[in-house]
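Each chain, written out:
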Amino acid sequence: MKNVPEEHDQQDEVDRLVRAWRRELPDLDVSPFDVLSRVTRLARHLDRARRLVFATHDLESWEFDVLTALRRAGTPYELSPGRLLTQTLVTSGTMTNRIDRLAAKGLVERRPDPTDRRGVRVRLTAKGQNRVDAALAGLLDHERALLAGLDETDREQLATLLRRLLTPFDERA
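Here the residue numbering is sequential within each chain, running from 1 through the sequence in written order. Given that the model is predicted, a residue must reach a pLDDT of at least 70 before its local features are reported, and side-chain atom pairs must reach 80 or more before they are shown or counted; all residues, however, enter totals for whole chains, interfaces and linings. To get the side-chain values, all heavy atoms of the structure are used, and hydrogens and water are removed first.

Looking up the protein in an unreviewed UniProt entry gives the name DNA-binding MarR family transcriptional regulator, with the organism given as Actinopolymorpha pittospori.

If you want it as structure tokens, here you go:
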């Protein structure tokens, strides 16, 4: 029974779940739960925490995703809608709706594409840049606090292992 902590060790909900499945179905290998159920639970907790941080900056998670894609693009902080699709993994209809909503809030603007008369570019406005920079700073403060229980070596090791797990998914995308 590898990876199941002793009674005196720190335990989480996944330990209880794995122990229950091993008791109920002892012939079934439930070891993937040791890692992937924790990743799933952690993703849910992080999503909730991020939504709370973004709300303090009057942003939704999807707004943050679009605005940070533009901000990362560098000056003049603009991308084509197609490039935004690639970076945020949404459909073109969804992206059009998102751009419309962000433009209505004054966070982005549509501009003609200088290289394609039929194309447009989406540009971050000064208001959008200020909002996303503040939200990013708030998010990083919050996430540093979440990682405070891990030293630098642990964080690097965890990042390496998660990268190894995630890379095949990113390569298929």
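Back to the text.
Colleague: Explain the overall build of the protein residue by residue, including any values.
Modeller: Summing up its helical and strand segments, the protein has seven helices and three strands in all. With C-alpha atoms as the basis for the radius of gyration, the globule rule is written as 2.2 Å multiplied by the number of residues raised to the power 0.38. A compact globule built from 173 residues should have a C-alpha radius of gyration of about 16 Å, whereas the protein, at 21 Å, is more than 25% larger. With the C-alpha coordinates of the protein rotated into their principal frame, the extents come out at 65 × 30 × 25 Å. Buried positions account for 25% of the 173 residues belonging to the protein. Within the protein, counting contacts between residues at least 6 apart in sequence, those at least 24 apart form 44% of the total. For helices the rule is a DSSP run of H or I covering at least 4 residues; for strands it is a run of E covering at least 2, with both sets numbered from the N terminus onward. Only protein chains enter the accessibility calculation, which uses a 1.4 Å probe; a residue whose area is less than 20% of its type maximum is buried, one above 50% is exposed, and one in between is partly exposed. Pairs of residues are marked as contacts when any of their non-hydrogen atoms sit within 4.5 Å.

Colleague: Help me get a handle on the environment of R72, residues and values and all.
Modeller: Turning to its location among the elements, R72 is positioned in helix α3 (residues 61–72). Since its relative accessible area comes to 57%, R72 is described here as exposed. As used in this structure description, the phrase polar contact means that two N or O atoms lie within 3.5 Å; if the pair is within protein, one of them must be able to donate a hydrogen and the other to accept it, and residues adjacent in sequence are counted only when both atoms belong to side chains. At 3.2 Å, the side chain of R72 forms a polar contact with the side chain of Q87.

Colleague: Quick rundown of the pattern of salt bridges? Include the residues and the values.
Modeller: When their charged atoms lie close together, side chains carrying opposite charge are able to pair. Any carboxyl oxygen of Asp or Glu within 4 Å of a side-chain nitrogen of Lys or Arg constitutes a salt bridge here. Tallied over the full model, the rule gives 18 salt bridges. Here R22 ties to D34 by a salt bridge, and the two come within 3.7 Å at their closest N and O atoms. On the criterion of sequence distance, the pair formed by R22 in helix α1 (residues 13–24) and D34 in helix α2 (residues 32–55) is long-range, its members being 12 residues apart. The exposure class assigned to D34 is buried, which follows from its relative accessible area of 7%. A salt bridge links R121 to E78; the nearest nitrogen and oxygen atoms lie 3.4 Å apart.

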